[in-house]
Amino acid sequence: MKQSDQQTVLMRQPQILCVDSDAADLALLEAVFAPRGYGIIQSATGKQALEILTRQPIDLILLDTVLPGIDGFTVCARIRAVERFREIPIIMMSALRSREDLLRGLETGADHYLFKPLDHDEMIAHVKLLIGRKKRRETFDDICRDMNILTLLGQETLGAAGSSRFDFQLHFEKILRLLLRKTSDILEKPRTVIAGLPAESEAGQWHHYEYAFQEFSRVKLAYNPLAGFVLPEQGRQKIFVLHETATDSETKTILQNFRARNVPVENGICYLSHDLCLMALNYGQDIGAGHLNFFRQLTLLSHLFHALSGKQDAAKAFDYGIYALARAAEAADDDGGSHIHRVGEYCGIIAERLGMKEEFIQTISLQAILHDIGKLYTPREILRKTEPLTAQENIEARKHTLWGAKIIGGHAYLRIAQMIALNHHERWDGTGYPRGLKGDAIPVEARIAAFADQYDTLRMARPGKPQIDHATVTKILNQGDDRVKPQHFDPLVLKAFRETAFLFEEVYQRRKG
Ligand SMILES: [Fe+2]
Ligand SMILES: [Fe+2]
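Owing to the predicted nature of the structure, the values given are computational and were not obtained by experimental measurement.

## Remarks on the pairing of strand β7 (residues 207-212)
Part 1 of the argument: Note that strand β6 (residues 190-196) and β7 share 4 bridges and pair antiparallel. When the bridges of β7 are listed, I194 appears paired with H208.
Part 2 of the argument: Both β7 and strand β8 (residues 215-220) contribute to a ladder of 6 bridges, which runs antiparallel. Bridge pairing in β8 links A212 to E215.
Part 3 of the argument: The hairpin formed by β7 and β8 contains 2 residues between the paired strands, and F213 there has a positive phi angle of roughly 50 degrees.

Quick look at the structure:
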């Protein structure tokens, strides 16, 4: 049996809870879904359905509206009132065919409302779509959770930087324990990681990591998986997806090396730089953007650990740490990560125009990308909400400045990053947050970053907000509108922007999307 078949068998079947008082209808649902690979759990009453939900994992509920005892609408509302059931898709099926009933069903929290007699094809399509969506969200949530743990590890490591000798192997294994699949059903994770330090290693220096019977294991490889492969030059790096059907010569070489050693590789991600190679192999599902994002974060932390282990200088280690933290922030936000990098570049432009020293220009360009790192701790419902925030949610959202300062920590090397994270929502006229600082009391790096952040926030498209062109944004910043006023900004920063505005447009066009 191929490994993929084994995985399919080991995968948990999606479980559908069917709630209907009519035994014939239940039998029909079973006949439709069981042959299609779904597990069916039957319930004749709403009360019983609620009990079942507390006992076992359910991926979707098919719910009749007319039930003995508690009716379907009430059952739906009760399910939605429980936090951990909130994300379970519910499809209502009903002989009540009026528009009022349909609206009532959707208002109580159903994802769809289907009229009886059921159109089977339509029902199957909805079930597939909703279960697929739920799985993708779960995968994303898992990746985000692990990402947060990685961030904490990076943070902890940066805090300890410079103190004593750093054990690369120990820290590296800490993150591998997170990345690897412990049991067969954690499909979003790879089964194996292979790692090596190609520049300094002979064949014996490669390691193979995986969980064998739930125990973390590290085995030295007796071969070089990169044999016949030309390494990137110093400073260069590449990341690519390995797939059986790939036709490029690099992937083919690697897969051949594995095949020659009888190592099955169905898919994977390979990261390669001059001095570090990481391969995550055999994910239990197709490799998506979330996996790549997580993997990039891992490679950055690995570089950070490597640098801290004394083989490179400390400043470089910090830069890796900054990128690692910034990448985690990108994953928490929805805009794909370009915003933070553009903000970094705008800060450099303004700082240069203000006549700052070269070292300051370099540092602010890099460290400003951490300005929203505190959003890692902002609940995702708030980050994604398109309607105006409630007063309570606003308080929560504003805390990202305080969290950011805490995450970055007080190391001297990261002082500018910390000042920016804490103060980038302060305004020159004192109407900002978290402390309502005014004028010169706001550190200059934060005054620069606040402007850069505002320019980009106005320009980019967000859910519920269209993209705005450069000329219009420039006008808003200079003349104000109902939200943004010129008096929010340091007049010297605003002047520097006027003199360099065309460069902002160039950065935006180059780094958009
Ligand atoms: Fe912010
Ligand atoms: Fe921002």
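After that view of the structure, there is still more to cover.
## Details of the pairing of strand β4 (residues 90-94)
Part 1 of the argument: Most of β4 sits inside the fold, with 5 of its 5 residues counted as buried.
Part 2 of the argument: Neither face of β4 is exposed, since I90, M92 and S94 on one face and I91 and M93 on the opposite face are all buried.
Part 3 of the argument: In the sheet, strand β3 (residues 60-64) pairs with β4 via 4 bridges, with the strands oriented parallel. Across the sheet, L62 pairs through a bridge with I91, a residue of β4.
Part 4 of the argument: In the sheet, β4 pairs with strand β5 (residues 112-115) via 4 bridges, with the strands oriented parallel. Bridge pairing links S94 to F115 in β5.
Part 5 of the argument: The parallel pair β4 and β5 is bridged by helix α5 (residues 99-107), and the resulting crossover is right-handed.

## Things to note about the packing of helix α11 (residues 338-353) against helix α17 (residues 444-459)
Part 1 of the argument: The interhelical angle for the contact between α11 and α17, taken along N-to-C directions, is 130 degrees, at an axis separation of 9 Å. What the angle tells us is that α11 and α17 run oblique. In this structure, α11 crosses over α17, and the sense of that crossing is right-handed. Seen from α11, the contacting residues are H339, R342, V343, Y346, C347, I350 and A351; seen from α17, they are I448, A449, F451, A452, D453, Y455 and D456.
Part 2 of the argument: Considering only residue class, the contact of α11 with α17 consists of 10 nonpolar, 1 polar and 3 charged.

## Things to note about unusual backbone geometry
Part 1 of the argument: In this structure, the amide linkage connecting K116 to the following residue, P117, adopts the cis form with an omega of 0 degrees.
Part 2 of the argument: Inspection of the secondary structure puts P117 in the loop between β5 and α6 (120-160).
Part 3 of the argument: The omega angle of the peptide bond from Y433 to P434 is 5 degrees, so this bond is cis rather than trans.
Part 4 of the argument: Within the element layout of this structure, P434 appears in the loop between α16 (415-423) and α17.
Part 5 of the argument: The phi torsion at F213 lies on the positive side, around 50 degrees, for a residue other than glycine.
Part 6 of the argument: Here F213 shows up in the loop between β7 and β8.
Part 7 of the argument: A positive phi angle, close to 60 degrees, is found at N282, a residue other than glycine.
Part 8 of the argument: Here N282 is to be found in strand β11 (residues 277-283).
Part 9 of the argument: Overall, the presence of 20 C-beta atoms within 10 Å leaves N282 in the buried class.

## Quick notes on the packing of helix α12 (residues 358-367) against α16
Part 1 of the argument: At their nearest, the axes of α12 and α16 sit 9 Å apart, and the two run at 55 degrees to each other. Taken together, the axes of α12 and α16 are oblique relative to one another. As α12 packs across α16, the resulting crossing turns out to be right-handed. Residue-level inspection shows T363, I364 and Q367 of α12 in contact with α16, the latter providing I416, A417 and I420.

## Section: the sheet that holds strand β2 (residues 39-43)
Part 1 of the argument: Ordered by their spatial adjacency, 5 strands build an open sheet running β2-β1-β3-β4-β5, and the pairing between neighbours is parallel. The sheet terminates laterally at β2 and β5, the two strands that pair on one side only. Taking each pair of neighbouring strands and ignoring which way they run, the sheet shows an average axis angle of 20 degrees.
Part 2 of the argument: Sheet strands in contact with helix α2 (residues 23-33) are β1 (15-19), β2 and β3, and its direction is about 175 degrees off that of β2.

## Let's talk about the environment of E30
Part 1 of the argument: By secondary structure assignment, the location of E30 is in helix α2.
Part 2 of the argument: It is 9.6 Å that separates the C-alpha atoms of E30 and I16, two residues lying 14 residues apart in sequence.

## Brief notes about helix α15 (residues 400-408)
Part 1 of the argument: If you check which residues of α15 are buried, you get H400, T401, G404, A405, I407 and I408. Each buried residue of α15 lies within a common arc of 165 degrees when the element is viewed along its axis, so the set occupies one face.
Part 2 of the argument: G409 sits one or two residues past α15 and shows a positive phi near 80 degrees.

## Some words on the sheet that holds β11
Part 1 of the argument: Reading across from one edge, β8-β7-β6-β11-β10-β9 is the order of the 6 strands in this open sheet, with antiparallel pairing throughout. Lying at the two open borders of the sheet, with one neighbouring strand each, are β8 and β9 (237-243). Strand after strand, the sheet turns through a mean of 15 degrees between neighbouring axes, direction not considered.
Part 2 of the argument: Contacts between helix α7 (residues 168-179) and the sheet are confined to β6, β7, β8 and β11, with β6 contributing the most and set at about 155 degrees to the helix.

Quick notes on the rules
Residues numbered from 1 in each chain as written. Chains lettered and ligands numbered in written order. Predicted model: local features only at pLDDT ≥ 70, side-chain atom pairs only at ≥ 80, totals over all residues. Pairing = 2+ DSSP bridges. Helix = DSSP H or I, 4+ residues; strand = E, 2+ residues; numbered from the N terminus. Buried ≥ 20, exposed ≤ 12 C-beta atoms within 10 Å, placed from the backbone. Right-handed = clockwise from strand over helix to strand, strands pointing away. Axes fitted to C-alpha atoms, helices over the stretch in contact; angles between N-to-C directions. Parallel < 35°, antiparallel > 145°, perpendicular 65-115°, else oblique. Left-handed = near helix turned anticlockwise from the far one by under 90°. Contact = placed C-beta atoms within 7 Å. Nonpolar A, V, L, I, M, F, W, Y, C, P; charged D, E, K, R; others polar. Arc of directions from axis to C-beta.

The quantities given are spatial measurements derived from coordinates; they are silent on function.
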